[in-house]
Amino acid sequence: MEKFRTVLDFCLSHQKVLGYSAVSLLTAGSERLFSAVAFQCPCNSWNMLYGSVFLLVPALILFLLGYLLNVRAWRLFTACCAPGRCCCYIHRRRFWRYVSVLWLVTVSAAVAPLTWIAVALLGANLYECAVSGSSLLQRHLCQGRGTQCHEQVARIPCGGTLPKEAQTFVSLQTQSQVLGCILIASIMALVLAVTCINRCRSPVSFLQLRFWKIYLEKEREVFERKAKEHATKLAERNLKCFFESTEPEPFQTPSNKDWQQISSLYAFNTKGQYYSMIHKYISANRGTSIKSTEEDVFSPALGFVDGTDCNETGTL
Amino acid sequence: LDGKMHWRKAIGYSLMGLLTVGSEHLFSLSAFKCPCSNKNYTYGLVYLFVPALVLLFVGFALNGSTWQLFTGCCVNPRKLFPKGKSCHFFHAFGQITLKAFVAPVMWLSVVLLNGTFYECAMSGSKNLKYLEMLCHNKSNKCLEELPKVACGQTSLSSWETEEILLTLQAESQVVGWCVIVTAAFLSLLITCYGHCQSNTSHLQKRFWKIYTEKEKEQFEKYFEDYATKLSERNLKSFFENKKLEPFPMPSLRAWEEASALDSFNINQQIFSTLHKLVEDSMKENDSNETQDTMVNLVP
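Because the structure is predicted, anything quoted here is derived from the model rather than measured.

Once that is clear, we can look at the overall build of chain B. When its secondary structure is counted, chain B shows 12 helices and two strands. Beginning at the N terminus, the succession of helices and strands in chain B can be written as α-α-α-α-α-α-α-α-α-α-β-α-α-β. In terms of C-alpha radius of gyration, chain B reaches 29 Å, well past the compact-globule figure of 19 Å for 299 residues. Principal axes of the C-alpha set define a box for chain B whose edges measure 90 × 55 × 40 Å. Every one of the 299 residues in chain B was classed for burial, and the buried ones make up 40%. Excluding contacts between residues fewer than 6 apart, the proportion of contacts in chain B whose partners are at least 24 apart in sequence is 64%. Working note: accessible area of chain B is about 17,200 Å², and carbon and sulfur atoms make up 64% of it.

Spelled out as structure tokens, the structure:
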């Protein structure tokens, strides 16, 4: 039991990394499955289209799904163009805030597609199929020879051999695997560099950041629990009135404005250290608007604040 | 898993996908036999689209909102287009249709990625240009032997047959990926539009979903409770020949009003039709009017 608790605590503290790793493993597994089961290079003029479609279209689909399932994106976009609110005038600071949150969302959504492309390149058969159909390679290998040479090049993925005169050509599989390794290495280097820079620019210290993440997790759990209790009480009161025709008691529920204030994007202020919008709203005079001021700091290191709230997707 | 609604949704959709793949394999193995004649095109298209249509109808039937929308509409057609809210019907029907389209799109993607049905259909195509493209650089009898390629019973050489089959499969898979990416893109656009246009903030929407779930649970509980009490009272009176005790139940009109679809406004902190009914009755009580129409005593 103790060991289980230790494992669970480890999982909770490294939730983000484990989450992304799970997504990557799932994507890598699906890519291998698709390549083994569904992919069969036609070895004719369709090679280029077929290979590129199998390489890039699933990556695009995963990217779109990444946006669809991202909480932060829907927090940003919900009610942004509601009737009665003017979308045309956006304050300069807010505009950059929107752009930086959108950038964070794009980066999270890019994990699965990049994994797909990297694993596909390491597997080599998709790249080989696509490039063997490219007119550039065919012209390079078949200089001065007829269209039969082009067809020979297109049949390389199906076990065909190269024309005798074109032996100084690096195997397509080798090219693919080298590209895959370079892609993985550059992504890792970029991620490390960006994380380093973000942490350096964080306005709060290491321990406070650690406490903050745990606070948000707990707040989310308590929100779910309190929301369910509140909803149950309201439903019971309504149904009792409907079935028994008793007079309904007045029921106190947060107003529309309260909900809007706590749903807005988080902004850190060194003067009042609030750990979430709910904390900020109830600490200020309830009912006053907690607009962002000039002293607010929008740090990428604090991007986790908007992402850890209720894990509800935006899907239909 | 209690609070993780989106994981439940994801698992639900994945199971649906696995079920689709399983059924497709079952169909291919047991029922599908390409006729390898001039009927290929019709046969292939039937296998591609008819199961998708069936899944669409099943999607409509299994959605509770469909029945909420249409129950009693013949008796009272005005119910579908209430005054001032005519487009409500289209909005609700639109949402039901979008949800019902998920299963057919999954079916189409799976069968196109597999390729068997498409190969059969297109090898019997009547489009001469397309057939000539398939038979490009092949022997003269390619055009007449093409419908038999899916069965492997042609007199063409094995490399020609293999190339035609691979080309057809490649086409099928490219079309399949296009279907999936279009569906994903449209899905994203519609969700984005829906979210941007909505007046409600993110967390309020979350609370609203929790409330709807809890209200449904409470409804079931109250239904069972009241049904038990009413049936006990009825049967007790029947068997023991006793006088009927009065039993208060909502009137027909109250049930009608509670069954109306989406006639509430979240921005006024009202989260369901029933909630609106209760709040309205509270306002009427405040202005000292009697609530005769709300409740009947069951005879």
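That was the structure; now back to the text.
Residue and element names in this part refer to chain B. This chain's UniProt record puts "transmembrane region" (unreviewed entry) on residues 12-32, 44-62, 89-113 and 174-196. Helix makes up 95% of residues 12-32 and strand makes up 0%, while its end C-alpha atoms are separated by 28 Å. As annotated, residues 89-113 has a helix share of 96% and a strand share of 0%, and its two end C-alpha atoms lie 36 Å apart.

A word on the environment of leucine 56 of chain A. Within the secondary structure, leucine 56 of chain A sits in helix H3 (residues 47-68). Between the C-alpha atom of leucine 56 of chain A and that of threonine 161 of chain A, which follows or precedes it by 105 residues, the distance is 27 Å.

Below, the discussion takes up the packing of helix H2 (residues 40-62) of chain B against helix H6 (residues 116-123) of chain B. All names here are of chain B. Closest axis-to-axis distance for the H2/H6 pair is 6 Å, and the angle between their directions is 150°. Relative to H6, the element H2 lies roughly antiparallel. The interaxial crossing formed by H2 with H6 has left-handed handedness. Note on element contacts: H6 touches H2 through Phe117, Cys120, Ala121, Met122 and Ser123, opposite Asn40, Tyr41, Tyr43, Gly44, Leu45, Tyr47 and Leu48. Partitioned by chemical class, the residues of the contact of H2 with H6 number nine nonpolar, three polar and no charged.

Moving on: the UniProt feature "transmembrane region" (unreviewed entry) in chain A. Residue and element names in this part refer to chain A. The UniProt feature table records "transmembrane region" (unreviewed entry) at residues 48-69, 101-127 and 177-197. What you have in residues 48-69 is 95% helix and 0% strand, and the ends, taken at the C-alpha atoms, are 32 Å apart. Secondary structure over residues 101-127 splits into 93% helix and 0% strand, and the C-alpha atoms at its two ends are 34 Å apart.

Across the boundary between the two partners, chain A contributes 68 residues, which contact 72 residues of chain B. Applying the counting criterion to the chain A and chain B interface returns two salt bridges. On inspection of chain A and its partner chain B, the count reaches 12 residue pairs in polar contact (both at pLDDT 80 or more). Those elements giving two or more residues to the side of chain A that touches chain B turn out to be H3, helix H4 (71-77), helix H11 (206-244) and helix H12 (256-263) of chain A. Counted by class, the side of chain A that touches chain B contains 39 nonpolar, 16 polar and 13 charged residues.

Reading the values: rules and limits
Residues numbered from 1 in each chain as written. Chains lettered and ligands numbered in written order. Predicted model: local features only at pLDDT ≥ 70, side-chain atom pairs only at ≥ 80, totals over all residues. Heavy atoms only, no water. Helix = DSSP H or I, 4+ residues; strand = E, 2+ residues; numbered from the N terminus. Rg over C-alpha atoms; globule rule 2.2 N^0.38 Å. Buried < 20%, exposed > 50% of the residue type's maximum accessible area, 1.4 Å probe, protein only. Contact = heavy atoms within 4.5 Å. Areas by Shrake-Rupley, 256 points an atom, 1.4 Å probe, with all protein chains shown as cover. UniProt positions renumbered as here; feature names shortened; annotations may be inferred. Axes fitted to C-alpha atoms, helices over the stretch in contact; angles between N-to-C directions. Parallel < 35°, antiparallel > 145°, perpendicular 65-115°, else oblique. Left-handed = near helix turned anticlockwise from the far one by under 90°. Nonpolar A, V, L, I, M, F, W, Y, C, P; charged D, E, K, R; others polar. Salt bridge = Lys/Arg side-chain N within 4 Å of Asp/Glu carboxyl O. Polar contact = N/O pair within 3.5 Å; in protein donor to acceptor, adjacent residues only side chain to side chain.

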